[in-house]
Amino acid sequence: MDWAKYRTTTFDELIQADGRPRPAARRLVEYLAGLSGRELAERQLAADVVARVQGITFTVYSDGRNVDRTLPFDLIPRIIPLSEWQRTEAGLKQRMRALNLFIGDIYGRQQIVKDKVFPAMLLKDSVNFRAQCVGITPPLGVWAHICGSDLVRDGDGTLYALEDNLRIPSGVSYMLENRMVAKRVFPELFETSSILPVDEYPSQLYDTLAALSPRPGDTPVIALLTPGVFNSAYFEHAYLAQAMGIELVEGSDLFVADDDCTYMRTVYGPKRVDVVYRRVDDLFIDPEVFHPDSVLGVPGLIRSWRAGRVALANAPGAGVADDKVVFAYVPKMIKYYLDEDPILPNVPSYLCHNAKERRYVLENIEKLVVKPANESGGYGMLIGPRSTRRQREKFKALIEANPRNYMAQPTLALSTAPIVTKQGPSPRHIDLRPFVLSRQDTYVTTGGLTRVAMVKGSLVVNSSQGGGAKDTWVVDLADDDGENA
């Protein structure tokens with residue numbers, strides 16, 4: 001692999017501006033330079049074959065065909081030095097402590113609203129606020145047990161928090177499978193480099209769920225509630241259930257009895273379930289409370305949860321903080337609840353419900369990324385510099401009609417990492433999704449899922465729109481041949 005012609009106009013995760021590899025990536029870059037083009041192609045083919053055999057798939061919606069495809073995997077990993085990761089990990093733990101306190105406050109005394117730190121109108125118009133959750137105190141006081149926070153690096157090297165996914169975050173199975181593929185492709189590097197492991201996540205997740213059981217002292221019965229095989233993330237549901245040794249169920253497999261306990265139908269008769277790791281949206285989990293025509297959920301599940309007979313992860317209502325407008329207030333939450341300064345900065349944001357900021361967005365829309373408050377997967381947003389005049393006018397009308405539902409951020413020069421192409425290494429924009437588990441303590445994955453915009457120049461990394469993935473290596477330089485970070 002010849003790096004002499006590799007060029008990027010922004011911060012690159014592997015190669016410095018002077019063309020030399022970053023210290024943590026030196027061994028990888030030297031190793032790749034020693035491979036012939038044929039060897040490299042063979043290893044990429046081997047990675048693709050493993051992905052197909054393992055069934056690592058995701059549904060792509062952007063082309064209108066809505067079919068499952070193998071998740072594109074690029075074999076060149078993203079490298080993060082341990083010294084940087086330790087600070088990032090501390091910042092993620094800090095965010096989750098503040099966010100869980102915020103959600104509990106919103107469904108309790110709402111002191112942050114009374115103290116005018118968080119606007120009442122944002123809560124009033126929140127589509128993810130669930131009145132049915134008011135007054136509830138979930139086990140351990142934790143609402144968002146699993147979070148996938150998206151991080152991006154700007155052109156100057158600053159790592160920012162882009163958003164926090166608190167409803168039903170997905171992608172961790174791809175992180176785990178990427179590592180399995182990388183170990184098969186680069187066994188020599190795993191033997192000679194200090195690459196921190198990621199394979200403890202399933203056991204950490206199991207421990208997080210087990211700690212919620214309403215029957216402490218007994219071995220808990222845990223079930224993962226999936227919408228079914230046609231869901232875009234079904235591969236992940238099946239993967240995690242198998243990895244944790246828990247039951248994979250659909251709504252029809254569960255029922256709530258007169259004693260308010262949740263049971264699973266088995267060939268041996270009903271079996272009580274203690275914890276439900278639900279991968280079904282709030283509005284579909286219980287037709288008695290939310291959508292009455294839902295066939296994905298379990299009638300009475302919210303009643304069972306409110307009675308303390310079953311634990312739900314994530315707790316219903318946690319999505320009140322999974323709002324791109326609410327995201328802008330996380331630094332204030334950290335200061336309000338923890339009396340600390342944020343370790344990880346937010347991407348600067350303009351909130352369209354504020355008249356002054358809305359005017360700025362409307363006047364500069366061609367320079368900004370405009371996002372609706374509650375869409376996910378990269379849908380419904382406008383990337384100003386790559387938009388048409390017609391698209392910009394459409395978004396201006398949407399903002400004027402419902403300013404609370406829109407926010408904007410500057411178009412960052414997202415960092416890049418090289419991917420393998422027939423022409424040699426070529427830069428592609430990336431982000432990072434670490435996963436955070438909240439319980440008595442807080443656990444953060446070592447690195448996370450690096451998502452890649454496989455189309456040159458594109459800023460859209462989402463798998464549902466054709467993005468791919470890389471393995472993420474957190475490298476301890478202090479243990480690597482006596483080097484120091």
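This text gives an overview of the structure that appears in the document. (Residues numbered from 1 in each chain as written. Predicted model: local features only at pLDDT ≥ 70, side-chain atom pairs only at ≥ 80, totals over all residues. Heavy atoms only, no water.)

## With respect to the packing of helix α8 (residues 201–210) against helix α9 (residues 234–244)
Their axes nearest at 9 Å, the elements α8 and α9 cross at an angle of 80 degrees. Here α8 lies roughly perpendicular to α9, going by the angle between them. Across the interface between the two elements, Tyr201, Pro202, Leu205, Tyr206 and Leu209 from α8 touch Leu240, Ala243 and Met244 from α9. Looking at the contact of α8 with α9, its residues break down into 8 nonpolar, no polar and no charged. (Axes fitted to C-alpha atoms, helices over the stretch in contact; angles between N-to-C directions. Helix = DSSP H or I, 4+ residues; strand = E, 2+ residues; numbered from the N terminus. Parallel < 35°, antiparallel > 145°, perpendicular 65-115°, else oblique. Contact = heavy atoms within 4.5 Å. Nonpolar A, V, L, I, M, F, W, Y, C, P; charged D, E, K, R; others polar.)

## A short note on a nonpolar patch on the surface
Taken together, the side chains of Leu45, Val49 and Val53 make up a nonpolar region of the molecular surface, amounting to roughly 270 Å² of accessible area. The topology assignment puts valine 53 in helix α2 (residues 37–54). (Patch = residues over 30% accessible without salt bridge, like charges linked within 9 Å, V, L, I, M, F, W, Y side chains within 5 Å. Areas by Shrake-Rupley, 256 points an atom, 1.4 Å probe, with all protein chains shown as cover. Salt bridge = Lys/Arg side-chain N within 4 Å of Asp/Glu carboxyl O.)

## Let's talk about the packing of aromatic side chains
This model, assessed by the stated rule, comprises 16 aromatic pairs. Plain terms: the ring middles of phenylalanine 255 and tyrosine 263 are 5.6 Å apart, the flat faces sit at 25 degrees to each other, and that makes the pair stacked. An aromatic cluster is defined as three or more aromatic residues linked by ring pairs; in this entry it consists of Tyr31, Phe186, Phe190 and Trp473. Cation over ring: arginine 22 sits above phenylalanine 11, and NZ or CZ is 4.0 Å from the ring centre. (Phe/Tyr/Trp six-rings, centres within 6.5 Å; stacked < 30°, edge-to-face > 60°. Lys NZ or Arg CZ within 6 Å of the ring centre and 35° of its normal.)

## Some thoughts on the nonpolar core
A general tendency of soluble globular proteins is for nonpolar side chains to be buried together. One finds Phe102, Ile103, Phe118, Trp143, Leu254, Trp305 and Met333 to be the most contacted residues of the largest nonpolar core, which totals 63 residues. For this core, the element with the highest residue contribution is helix α3 (residues 82–106), accounting for 9 residues. With 28 residues, the next largest nonpolar core counts Tyr31, Ala47, Val50 and Ile79 among its residues. (Core = buried A, V, L, I, M, F, W, Y, C linked by side-chain atoms within 4.5 Å. Buried < 20%, exposed > 50% of the residue type's maximum accessible area, 1.4 Å probe, protein only.)

## Topic: the environment of proline 77
Tracing the chain through its elements places proline 77 in the loop between β2 (67–70) and β3 (78–81). Through-space distance from the C-alpha of proline 77 to that of alanine 307 is 47 Å; in sequence the pair is 230 residues apart. Setting aside chain neighbours within four positions, we find proline 77 in contact with Leu14, Leu28, Phe186, Asp471 and Trp473.

## Digging into empty space enclosed by the protein
Applying the stated rule across the entire model yields 4 cavities of 30 Å³ or more. Considered as a void within the structure, the largest cavity measures approximately 60 Å³ in volume. Around the largest cavity sit 10 residues that line it, and Ala24, Arg27, Leu28, Ser193 and Val475 are the ones nearest its centre. Sorting the residues of the lining of the largest cavity by element identifies α1 (26–33) and β23 (472–475) as the ones contributing at least two each. Residue composition of the lining of the largest cavity, by class: 7 nonpolar, 1 polar and 2 charged. (1 Å grid on protein atoms, 1.4 Å probe; cavity = no way out; pocket = protein on both sides within 12 Å on 5 of 7 lines; lining within 4 Å. Points joined across faces, edges and corners; volume = space filled by probe spheres on them.)

## What to know about the environment of methionine 175
With respect to the helices, strands and loops of the structure, methionine 175 is situated in helix α6 (residues 172–185). Residue methionine 175 is classed as buried on the basis of its relative accessible area, which comes to 3%.

## Concerning the packing of helix α12 (residues 355–363) against helix α13 (residues 389–401)
Between two packed helices, what matters for the description is the angle formed by their axes and the separation of those axes. Relative to each other, α12 and α13 sit at 170 degrees, their axes nearing to 10 Å. Taken together, the axes of α12 and α13 lie roughly antiparallel to each other. Residue-level contacts link Arg358, Val361 and Leu362 of α12 to Lys396, Ile399 and Glu400 of α13. Each residue belonging to the contact of α12 with α13 can be placed in one class, and the counts come to 3 nonpolar, no polar and 3 charged.

## A closer look at the pairing of strand β11 (residues 275–278)
Residues of β11 alternate between two faces, with Val275 and Tyr277 on one and Val276 and Arg278 on the opposite face, all of them buried. Here 4 bridges tie strand β6 (residues 222–225) to β11, and the two strands are oriented parallel to one another. Paired with alanine 223 across the strands is valine 276, a residue of β11. The pairing of β11 with strand β12 (residues 311–313) spans 3 bridges and is classified as parallel. Paired with tyrosine 277 across the two strands is alanine 313, which belongs to β12. (Pairing = 2+ DSSP bridges.)

These values are about where atoms sit, not about what they do.
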